[in-house]
There are 2 protein chains.
Amino acid sequence: MILINGEYKEHIEVVDRGFQYGDGLFETIEVNNGQPIFLDRHLDRLKAGCNRLYIPFPNNELLITETKELCKHSTTAVLKLIITRGSGGRGYRQPDIILPNRVLSLHAFPDYPAAYKEQGVTARFCATRLGLNPALAGLKHLNRLEQVLARAEWNNPAVQEGIMMDMNDHVIEGTMTNLFYIKKGSLYTSSLVQSGVAGIMRSIIMTLSSEHHLPAMECSFSKDVLLSADEVFLSNSIIGIWPVNQIANTSYQVGPITRHIQRWLDNFKNEALRM
Amino acid sequence: MILINGEYKEHIEVVDRGFQYGDGLFETIEVNNGQPIFLDRHLDRLKAGCNRLYIPFPNNELLITETKELCKHSTTAVLKLIITRGSGGRGYRQPDIILPNRVLSLHAFPDYPAAYKEQGVTARFCATRLGLNPALAGLKHLNRLEQVLARAEWNNPAVQEGIMMDMNDHVIEGTMTNLFYIKKGSLYTSSLVQSGVAGIMRSIIMTLSSEHHLPAMECSFSKDVLLSADEVFLSNSIIGIWPVNQIANTSYQVGPITRHIQRWLDNFKNEALRM
């Protein structure tokens, strides 16, 4: 089910710059009990992304209305919200008047086993590296070939996520998740100044941890540092938090701090749902 | 005028991975006297790109047939040929069976003044940097946000091209062109191992120069090296060769070697047209 600029359709113009150049941004939102969770945060990030790419941000109320219209059709789902720079001629130059396109689509919620959240998941290192590019770092933009190539590296269903490094051998994130690790009681996550996607779940976890006097430190770290961590977990808006029980040949326990953070997040989400 | 998988249409499925992730490649081809110039070379590059991205290459004869079908409608035009990984579900993982989409579109040939080819053009340096990513370097893929941001940096019609550097301060290319320079009788062009698009016109120029005992050396060079060059020129499949007469505050003469290479290219193109 797809809503394009407020109309139910399944096709977009070929001249849309999202198709031509990946010239746009997206959000992936959990729909729970018919409610788009953390919608305000997703829209704030989308607005900030539009500002960085000089795409005029569509009206916030309009996006909320369209989101609610689409969410009527499902109680549990994934909502994907794409904003592109709209139609444009051939050539990279943007049109003088930019009329962004809004594409909202509803997808089945993935049926991940509950064990992923409880006993953790297995990850691998990807050979595909993330490029370094401060102009695009942090944004959830539509240029996602790196993730496509990384995700194509494995087919083994026993491996749930691939971890990506940048060109400088710094661990950045999973193909679809952000990454945290715990060492000697402290919480760390990758700096996303040169590459990576600054996830909504990542920012919520950082806020909650900080409120519980466990501030996450953003830093650059290597594969070896990650492999010697005490606990590792992954996050995104759909999975919440998945502890990692194995990366390549290294095993981890699902430790007490990951459990705490999962609980803080569960409580926070339940509050959001009650509002 | 747009041909999608052999049918005249103007819309593509929203679930096409080109729209979702920029998961595809493209070619920009000059149509001259109803003929797509250097079509075989463009198809060869497209095939090589598909191999690198694990997209099954559509049948070559089919692409030629569709190209000719579209070219019937115009004697002078720009043909854009896009191949995407086809439809796919939400998520970066590619479908088990990949059915690529072919999107061919015909565009008006840009009315660049003849003076650009003769007296040269003015260029500027872009602040937007090209990311470093060997996995994607050289490919003419659909992830083109860097070029969009770079091209959005200026609106002055007196500036015809913006020159982009990578994160290491190496000069790589123009937003829509490859770049060559001449110093003390030798020809140089940027190495495209870590970023940039390996243009068809660039490769033709390199072949022709080599045949005339002036091999182009691929190397890494800085802004300062470029500014101290004797001659500079830009190339792509639509413009051919544009000498550069100015970059920022530095002026260049349109030198004899650029003129030679322009002549070699004109002759080579005329031969291709006669075939």
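The name given to chain A in an unreviewed UniProt entry is Aminodeoxychorismate lyase, with Candidatus Methylobacter favarea as the source organism. Checking UniProt for chain A, the heading Pathway (unreviewed entry) contains the comment "Cofactor biosynthesis; tetrahydrofolate biosynthesis; 4-aminobenzoate from chorismate: step 2/2." Listed under Sequence similarities (unreviewed entry) in UniProt, the entry text for chain A is "Belongs to the class-IV pyridoxal-phosphate-dependent aminotransferase family."

Draft legend 1. Layout of the pairing of strand S15 (residues 240–247) of chain B. Residue and element names in this part refer to chain B. Counting buried residues in S15 gives 6 out of 8 residues, a clear majority hidden from the surface. For strand S8 (residues 121–125) and S15, the ladder comprises 3 bridges, and the chain directions are parallel. From the neighbouring strand, valine 121 faces S15, where its bridge partner is valine 244. Here strand S14 (residues 231–236) runs beside S15; their pairing, made up of 4 bridges, is antiparallel. Across the sheet, asparagine 236 pairs through a bridge with glycine 240, a residue of S15. Linking two consecutive strands that pair antiparallel, namely S14 and S15, is a turn of 3 residues.

Draft legend 2. Summary view of the interface of chain A and chain B. Contacts between chain A and chain B engage 58 residues on the former and 58 residues on the latter. Of the roughly 4900 Å² buried where chain A meets chain B, counting both sides, 67% is carbon and sulfur surface. Contact with chain B buries area across many residues of chain A, yet Phe19, Arg90 and Tyr92 of chain A alone supply 18% of it, more than any other trio. The tally of links between chain A and chain B comes to 17 residue pairs in polar contact (both at pLDDT 80 or more). Elements with a contribution of two residues or more to the side of chain A that touches chain B: strand S1 (2–4), strand S3 (11–13), helix H1 (17–21), strand S4 (24–32), helix H2 (39–53), strand S6 (77–84), strand S7 (101–108) and helix H5 (145–151) of chain A.

Draft legend 3. Geometry of helix H3 (residues 60–71) of chain B. Residues and elements named next belong to chain B. In this model H3 runs 16 Å from its N-terminal to its C-terminal C-alpha over 12 residues, within 8% of the 16 Å that 1.5 Å per residue would give. For H3, the set of buried residues is Leu63, Ile64, Glu66, Thr67, Leu70 and Cys71. One side of H3 carries all its buried residues, which in axial view fall inside an arc of 165°. Residues of H3 that are exposed and point over 90 degrees away from its buried face: Glu61, Thr65 and Lys68. Measuring from the backbone nitrogen of glutamate 61 back to the side-chain oxygen at the start of H3 gives 2.8 Å, which picks out asparagine 59 as the cap.

Draft legend 4. Region of the structure containing empty space enclosed by the protein. Under the defined criterion, the tally for this structure stands at 3 cavities of 30 Å³ or more. Roughly 420 Å³ of internal volume is contained in the largest cavity. If you trace the largest cavity, you find 32 residues lining it, with Asn133, Leu136 and Glu146 of chain A together with Leu136 and Glu146 of chain B closest to the centre. The set of elements that each furnish at least two residues to the lining of the largest cavity consists of H5 of chain A together with helix H5 (145–151) of chain B. The element that contributes the greatest number of residues to the lining of the largest cavity is H5 of chain B, accounting for 3 residues. Among the residues forming the lining of the largest cavity, the class breakdown is 10 nonpolar, 16 polar and 6 charged. Estimates place the volume of the second largest cavity at around 50 Å³. Sort the elements by how many residues they give to the lining of the second largest cavity and helix H8 (residues 256–274) of chain B lands first, with 3 residues. In terms of residue class, the lining of the second largest cavity is made up of 3 nonpolar, 2 polar and 4 charged.

Draft legend 5. Representation of the relation of the copies chain A and chain B. Mapping chain A onto chain B is achieved by rotating through 180° and translating by 0.0 Å along the same axis, at an RMSD of 0.0 Å. Here the transformation between the copies is reduced to the relation of a two-fold axis. When the interface residues of chain A are mapped onto chain B, 100% of them are again interface residues, pointing to one common binding face.

Draft legend 6. Expanded view of the sheet that holds S7 of chain A. Residue and element names in this part refer to chain A. Strands sit in the order S2-S1-S7-S6-S4-S5 across an open sheet of 6 strands; the sheet is antiparallel. The outermost strands of the open sheet, each flanked by one partner alone, are strand S2 (7–8) and strand S5 (35–36). Pairing geometry for S6 and S7, over 8 bridges, is antiparallel. Opposite isoleucine 83, over in S7, you have arginine 102 as the bridge partner.

Draft legend 7. Region of interest: the packing of aromatic side chains. Here the structure, examined in full by the defined rule, presents 16 aromatic pairs over all chains. An angle of 55° between the planes, with centres 5.0 Å apart, marks the rings of tyrosine 21 of chain A and tyrosine 92 of chain A as tilted. Linking tyrosine 21 of chain A in helix H1 with tyrosine 92 of chain A in the loop between S6 and S7, this pair joins segments that are 71 residues apart in sequence. Each member of the pair, tyrosine 21 of chain A as well as tyrosine 92 of chain A, carries the same accessibility label: buried. Judged by centre distance (5.0 Å) and plane angle (80°), the rings of tyrosine 116 of chain B and tryptophan 242 of chain B are edge-to-face. With a gap of 126 residues between them, tyrosine 116 of chain B in helix H4 (residues 115–118) and tryptophan 242 of chain B in strand S15 connect regions that are remote in the sequence. In terms of burial, tyrosine 116 of chain B and tryptophan 242 of chain B fall into one category: buried. Put simply, the rings of Tyr112, Tyr116 and Trp242 of chain A touch in pairs and so form one group of aromatic residues. The side chain of lysine 223 of chain A reaches across the aromatic face of phenylalanine 125 of chain A, ending 4.9 Å from its centre.

Parameters at a glance
Residues numbered from 1 in each chain as written. Chains lettered and ligands numbered in written order. Predicted model: local features only at pLDDT ≥ 70, side-chain atom pairs only at ≥ 80, totals over all residues. Heavy atoms only, no water. UniProt positions renumbered as here; feature names shortened; annotations may be inferred. Buried < 20%, exposed > 50% of the residue type's maximum accessible area, 1.4 Å probe, protein only. Helix = DSSP H or I, 4+ residues; strand = E, 2+ residues; numbered from the N terminus. Pairing = 2+ DSSP bridges. Contact = heavy atoms within 4.5 Å. Buried area = accessible area lost by both parts, 1.4 Å probe. Polar contact = N/O pair within 3.5 Å; in protein donor to acceptor, adjacent residues only side chain to side chain. Expected span 1.5 Å × (residues − 1). Arc of directions from axis to C-beta. 1 Å grid on protein atoms, 1.4 Å probe; cavity = no way out; pocket = protein on both sides within 12 Å on 5 of 7 lines; lining within 4 Å. Points joined across faces, edges and corners; volume = space filled by probe spheres on them. Nonpolar A, V, L, I, M, F, W, Y, C, P; charged D, E, K, R; others polar. Least-squares fit on C-alpha atoms with pLDDT ≥ 70 in both. Phe/Tyr/Trp six-rings, centres within 6.5 Å; stacked < 30°, edge-to-face > 60°. Lys NZ or Arg CZ within 6 Å of the ring centre and 35° of its normal.

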